[in-house]
Amino acid sequence: MKKPVYFDYCANTPVDPSVLETYVKTASQCVGNANSVHAMGRASKAVMDDVLAKMAALLHVRPDEIILTSGATEANNLALKGIAAATRHVGKHIVSTSLEHSSISASLSMLQMEGYEIDLCPLTSDGTIDLEELADLVRDDTCLVSISLVDSEAGVIQPVKKIAEIVHSHPKTLLHMDATQAMGKIPVDFAIADTVSFAPHKFFGLNGCGVLIKHEHVPLVPQNSGGASTTLYRSGTPDPAMAAACLCALEKMYASLSNWQSHCEKLNAYLRRELTKIEGLKINSPDHAVPQILNISLHGYKGFEMQKALDEKGYCVSVKSACTSDYLPSHAVMALTKDRKRALESFRISLSPLTTMEECQGLAEAIREIHEGK
Ligand code: PLP
């Protein structure tokens, strides 16, 4: 059977061989627990400290502002629940959007059950946050505003600088930025928000690793009970191998980001051109979305039906993000188009530097064939 062609890089990327090599090498080298005070513990701690120092330099943060987690889901849960618990004196009001990943929206639902008031800020027709509405929504008792820099379904980039200005005009309100879909696609400024999350498996790193940058001034209640790790905010035995693998993925990504972007721009332009020739096909991702994400709807086909039909032809695409149910309309496409049917018919093609023009030609042809009933 022909090897499936992958168009779901926003869900996961293949691990880079050098990342894997770094993991294996560091795991064999670091035998002691980095929290143990004996020689082998100290040796592991030295590796961990070195990795965190290099990672901090790369991200322009301090080493003690890095919290390593099991993924962006945990990083988002920790940021939202941890900040909410630590800022009760500010208030119990949180502002977010309808474009968030389920790790944000589900955390907000939990907080709502605990009595927090959650407002979702309206979006403009291009999917960006309506800044005037945001300015009206944020109050002195708003403890937190949470936004994703790039949303996972349509690839909309939020004007985070302006958002931060509005949020920080209220001195006690904190801004959490989910940068999971932004890392590896656009430059990310870690200084702009109070907490920032991401996961290296989105840019050729390993699964099971996430990062929360928590700037020094941010109060946070840990969500795991246990002893200190490399930080008080997330207990558990430090994992120098995972940290070193994450650093390796970050270094590779920063060295290649602009090439990755221009490669994906060419493929995205080709797909937009070819796919819009198909009758009834609409592009949902705005023109200014990241080139790696192309959300489309084909009239008459539910998104999951297209996913299945494409799967049968050997192409892997996704319906909404990988972590949500197939049978509900895409929140992002609903927000962008206000069209429930189109949102139900939507699916996501995601590209990477590994995607080739031949693969895109094959995908466009496969979509055309499905439309023509072949
Ligand atoms: N945030 C966004 C925007 C995502 O796209 C994802 C995963 O797709 C996550 C968070 C969760 O990431 P993880 O799978 O590392 O928990």
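Let me begin by describing the structure that accompanies this report. (Residues numbered from 1 in each chain as written. Predicted model: local features only at pLDDT ≥ 70, side-chain atom pairs only at ≥ 80, totals over all residues. Heavy atoms only, no water.)

**Describing the side chain of His170**
Where we set the bar: Only DSSP runs of H or I reaching four residues or more are called helices, and only runs of E reaching two or more are called strands; each is numbered from the N terminus. For this analysis, a polar contact is any N or O atom pair within 3.5 Å, provided that within protein one partner can donate a hydrogen and the other can accept it, and provided that sequence-adjacent residues contribute only side-chain to side-chain pairs. Contact between two residues is taken to exist if any of their heavy atoms lie within 4.5 Å; hydrogens are not considered.
For His170, the position within the fold is in the loop between α6 (160-168) and β6 (174-178). In this structure the side chain of His170 is engaged in a polar contact, spanning 2.9 Å, whose partner is the side chain of Asp140. With near-sequence residues (within four places) excluded, His170 lies in contact with Val138, Arg139 and Asp140.

**Side note on the nonpolar core**
Just so we agree on the cut-off: Here, nonpolar core means buried Ala, Val, Leu, Ile, Met, Phe, Trp, Tyr and Cys residues that are tied together by side-chain atoms lying within 4.5 Å of each other. We call a residue buried when its accessible area falls under 20% of the maximum for its residue type, exposed when it is over 50%, and partly exposed in between, using a 1.4 Å probe and counting protein chains only.
Among the nonpolar cores identified, the biggest contains 67 residues, and Met55, Leu59, Ile66, Leu134, Met183, Phe190 and Leu250 are the most heavily contacted of them. Looking at this core, the element that brings in the most residues is helix α7 (residues 240-275), giving 12 residues. Ignoring any residue separated from it by four or fewer positions in sequence, one finds Leu250 in contact with Met55, Leu58, Leu59, Met183, Phe198 and Phe203. In this structure, Phe7, Leu271, Leu294 and Leu351 belong to the second largest nonpolar core, which totals 27 residues.

**So, the environment of Asn76**
Mapped onto the elements, Asn76 comes out in helix α3 (residues 72-86). Residues Asn76 and Ala56, spaced 20 residues apart in sequence, show a C-alpha to C-alpha distance of 19 Å. In terms of polar contacts, Asn76 uses its side chain to reach the side chain of Asp178, at 3.1 Å.

**Overview of the site of the ligand**
Quick note on the threshold: We call a residue near a molecule or strand whenever a single non-hydrogen atom of that residue lies within 4 Å of it. Computed with the Shrake-Rupley method and a 1.4 Å probe, the accessible areas treat only the protein chains shown as cover for residues.
As a structural note, the neighbourhood of the ligand is formed by 13 residues, with Thr73, Asp178, Gln181, His201 and Lys202 the closest of them. A distance of 2.5 Å separates an oxygen atom of the ligand from a polar atom in the side chain of Thr73. Protein chains bury 89% of the 390 Å² of accessible surface belonging to the ligand in isolation.

**Quick look at the pairing of strand β7 (residues 195-198)**
Cut-off, in case you're wondering: The criterion for strand pairing is that DSSP finds at least two bridges linking the strands in question.
Of the two faces of β7, the one lined by Thr195 and Ser197 and the one lined by Val196 and Phe198 are each fully buried. With 3 bridges connecting them, β6 and β7 associate as parallel partners. Residue pairing in the sheet places His176 in a bridge with Thr195 of β7. Judged from the 4 bridges that link them, β7 and strand β8 (residues 210-214) form a sheet pairing that is antiparallel. Among the inter-strand pairings, Val196 is bridged to a residue of β8, identified as Ile213.

**Some thoughts on a nonpolar patch on the surface**
The line we're drawing: A patch consists of residues whose relative accessible area exceeds 30% and which take part in no salt bridge; residues with like charges are grouped when within 9 Å of each other, and nonpolar side chains (Val, Leu, Ile, Met, Phe, Trp, Tyr) when within 5 Å. By salt bridge we mean one thing: a side-chain nitrogen of Lys or Arg within 4 Å of a carboxyl oxygen of Asp or Glu.
A grouping of Val15, Leu20 and Val24 is seen on the molecular surface, where their side chains present a nonpolar patch of about 220 Å² in accessible area. Its place among the elements puts Leu20 in helix α1 (residues 17-29).

**As for the side chain of Ser103**
On the secondary structure map, Ser103 appears in helix α4 (residues 102-113). A distance of 3.1 Å separates the side chain of Ser103 from the side chain of Asn76, its partner in a polar contact. In contact with Ser103, other than residues within four places in its own chain, are Thr73, Asn76 and Asn77.

Fair warning: the whole summary comes from geometry, so function is off the table for now.
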